[in-house]
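Fold and contact review
Below are the chains, spelled out letter by letter.
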Amino acid sequence: MKNPKFYQRARVISGIVLLALLSIGASKMGWFGLVSRSKASVAATVLHKMDRVPDWVAEMEGIGTFSSPRVADLNGDGIGDIILGAGRQEFQSSDTAVMALDGRDGNLLWHHSSTDQVFGSALLHDINQDGIQDIVIGGRNGILKAINGKTGTLFWDFDKMEAHIPLIRERYFNFYNPQLIPDLDGDGVEDIIVSNGGDVLKQPFDPHRPEGYLMVLSAATGEVLYEARMPDGKETYFSLAVKPSDKQSDTEILFGTGGETLGGGLYVTNLDAVIQGDLSGAKQLAYSEEKGFIAPPIWVDLTGNNELDVVAAGVDGTCYAFEGGTKRKLWELAIPGTEIYASPGIGFFTGSDTPDVFISAAIGTWPNFTFTKHVMIEGGSGKLSFQDTLGYFQSSSPLAIDLNRDGRDEVIISVNYENFGKEGRKLYTNTLFVIDFLTASRYELLEPQEGHNIASTPWMGDLDKDGYLDLVYCHSSNPYHGFAFDRMRVNRIKTEVLIPKRTFWGAYMGNGYDGVFLKK
Ligand SMILES: [Ca+2]
Ligand SMILES: [Ca+2]
Ligand SMILES: [Ca+2]
Ligand SMILES: [Ca+2]
């Protein structure tokens, strides 16, 4: 990508289009709450406080993304900048495989090449302790890069290190999303734990797969400090989640095995077991003979005892909750006819003090998916509270936030449309939707844009520190192909929605990017 095209648009609210859409919703639910003076309805909030078109758009030729945006101010202007992985088709190198965009206008701050897709989402970690977040991000076939956030220069590149090169595609396969753990090599810098596995060259039902590993690396050098093979000897496609703890011995790690077409388990272990290189004592929380565990799990307190419990979902369409202390199953709920690849979203949707769970599931069987089914589950009981079918297949995760300050969170999801053009040619567009559980209504948030989103979860938070919510989201901008890696856009949306004081779920794996929901 030599010449990224950037352009800005004026803030325009296309009220007419939205009013037409809202009138459909309004007829179902009566006059949509504009009468209420104290609390605006969700519909009114979407209409009056959120722009229908992006404030800026960065369009980049020749690449696409699976990655979800992460935000940190890298150039010190007080505005959050956007960090993303990207790439061309599988097995193709790209000169823009990791990038940082200026949050002010979408201009490229720096970019990095890679030999294959960087499908992961970045871990932010100030490796060189200069006060600016640095980036660790993973991808296919041994790709794991540590990049200086301020300058864009590499700290280390796992697949270029002499000790690792002979083992790429032999022992080291895909790197999933890394997480922070306490400093283990004594340099004063917190280190990282990451899962590795998944040989893409294997046929779908070939059971002879290289086993996956949990690996501990020095954040400063990329050196492998410890590694431990999966307890069942299976492969892994799972981004682990670490339970926050002050003590190394209490650091628990959720990980999973198996894939789209091969069975596997969901496990919990602790950091000491990884250091000892032996996961045979890991506790198996769930197992499926036919399909594995791919969606990242969440640590969230569902029982109200201030101990984090576990919410997870298997590829076979089953959702689970386990008590954090005893690890006993709290509830289980199957979503028939679906497979689950997307990490859950957490929010207060039902009016209870217990967080609830929202899961997007793919209808069909890999690789033949049609629509996406969305379910909301009461976190305390595991009872199905809401379901809907909306949008063609994609595996991004839901976000949750209280847009209209009525104490209940709404969900924001990415939605793909498939239509047919004049000559019968398929046309892809995508947008974001808001789901309002109180009225069981849903609202298209944005003017649909050309192209399709595969797996990029939007980000929301206060990008420019003005107290109001901003949204950042990515998609392919090729209108003719569903899995296109030849043109993509990053969009920034401004709103007049005040940032809530209460915890919200604003990114892939939550606001801390770590799969942890801490109630505030
Ligand atoms: Ca900045
Ligand atoms: Ca730094
Ligand atoms: Ca260290
Ligand atoms: Ca609300």
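Residues numbered from 1 in each chain as written. Chains lettered and ligands numbered in written order. Predicted model: local features only at pLDDT ≥ 70, side-chain atom pairs only at ≥ 80, totals over all residues.

Section: the overall build of the chain
Of the regular secondary structure elements, the chain holds three helices and 37 strands. Against the compact-globule benchmark of 24 Å for 520 residues, the chain has a radius of gyration of 22 Å, which places it among compact chains. Taken over the C-alpha atoms alone, the chain extends approximately 65 × 55 × 50 Å along its principal axes. Out of the 520 residues in the chain, the part that is buried amounts to 53%. Of the contacts formed within the chain by residues at least 6 apart in sequence, a portion of 54% connects residues at least 24 apart. (Helix = DSSP H or I, 4+ residues; strand = E, 2+ residues; numbered from the N terminus. Rg over C-alpha atoms; globule rule 2.2 N^0.38 Å. Buried ≥ 20, exposed ≤ 12 C-beta atoms within 10 Å, placed from the backbone. Contact = placed C-beta atoms within 7 Å.)

A closer look at unusual backbone geometry
Going from Trp 366 to Pro 367, the amide bond is cis rather than trans, its omega being 0 degrees. Tracing the backbone shows Pro 367 in the loop between β26 (356-365) and β27 (368-377). At Arg 169, a position not held by glycine, the phi torsion is positive, near 70 degrees. Tracing the sequence through the fold places Arg 169 in the loop between β10 (154-157) and β11 (174-175). For Lys 465, which is not a glycine, the phi torsion comes out positive at approximately 55 degrees. Assignment of secondary structure puts Lys 465 in the loop between β34 (459-461) and β35 (468-476). Since 13 C-beta atoms lie within 10 Å of it, Lys 465 is described here as partly exposed.

Description of the sheet that holds strand β3 (residues 70-72)
Either a parallel or an antiparallel arrangement is found when strands of a sheet pair, and the pairing is made through backbone hydrogen bonds. Across the sheet, four strands lie side by side as β3-β4-β5-β6; this open sheet has antiparallel pairing. Of all the strands in the sheet, just β3 and β6 (108-114) have a single pairing partner and so form its edges. Averaged over all neighbouring strand pairs, the angle between strand axes comes to 30 degrees, with direction disregarded. The sheet contact formed by strand β5 (residues 94-101) and β6 spans five bridges and is antiparallel. (Pairing = 2+ DSSP bridges. Axes fitted to C-alpha atoms, helices over the stretch in contact; angles between N-to-C directions.)

Brief notes about the environment of Glu 61
By the element assignment, Glu 61 lies in strand β2 (residues 56-61). Note: C-alpha distance between Glu 61 and Asn 177 (116 residues apart in sequence) is 26 Å.

Some remarks on the environment of Phe 437
On the secondary structure map, Phe 437 appears in the loop between β31 (426-436) and β32 (441-444). For the pair Phe 437 and Met 99, spaced 338 residues apart in the sequence, the C-alpha separation amounts to 36 Å. Not counting residues up to four positions away in its chain, the partners in contact with Phe 437 are Phe 349, Met 376, Phe 386 and Arg 408.

Brief notes about the sheet that holds strand β18 (residues 264-270)
The strand order across the open sheet built from four strands is β16-β17-β18-β19, with neighbouring strands paired in antiparallel fashion. Looking along the sheet, the strands with just one partner apiece sit at the ends: β16 (241-242) and β19 (283-288). Across five bridges, the pairing between strand β17 (residues 252-256) and β18 is antiparallel. Residue pairing in the sheet places Gly 256 in a bridge with Leu 266 of β18.

Re the pairing of strand β21 (residues 309-313)
Of all five residues in β21, five are buried; the element is thus mostly enclosed. Burial of β21 is two-sided: the residues Asp 309, Val 311 and Ala 313 facing one way and the residues Val 310 and Ala 312 facing the other way are all buried. Note: strand β20 (residues 298-300) against β21, three bridges, orientation antiparallel. In the strand pairing of β21, Ile 298 is matched with Val 311. Looking at chain direction, β21 and strand β22 (residues 318-322) are connected through four bridges and run antiparallel. Along β22, the bridge assignment pairs Ala 313 with Cys 319. Between the antiparallel neighbours β21 and β22 lie four residues, among them Gly 317 with a positive phi of about 90 degrees.

Brief notes about the pairing of β26
Side chains on a regular strand alternate between the two faces of the sheet. The buried fraction of β26 is high, at seven of ten residues. Here two bridges tie strand β24 (residues 338-339) to β26, and the two strands are oriented antiparallel to one another. Paired with Thr 338 across the two strands is Ile 363, which belongs to β26. For strand β25 (residues 345-347) and β26, the ladder comprises three bridges, and the chain directions are antiparallel. Considered in β26, the bridge of Gly 345 is made with Phe 358.

Quick look at the environment of Leu 271
Position of Leu 271 relative to the elements: it lies in helix α3 (residues 271-275). Leu 271 gets classed as buried once you count the C-beta atoms within 10 Å, which come to 24. Sequence separation between Leu 271 and Thr 251 is 20 residues; the distance between their C-alpha atoms is 5.6 Å. Among residues more than four places away in sequence, those in contact with Leu 271 are Ile 181, Gln 248, Thr 251 and Ile 253.

Concerning the confidence of the model for the chain
Scored by pLDDT, the chain comes out at a mean of 91, with 93% of its residues at no less than 70. Scored below 50 in pLDDT, residues 1-37 shows 56 contacts in the model against residues more than four places distant or in partner chains. (pLDDT = per-residue confidence, 0-100.)

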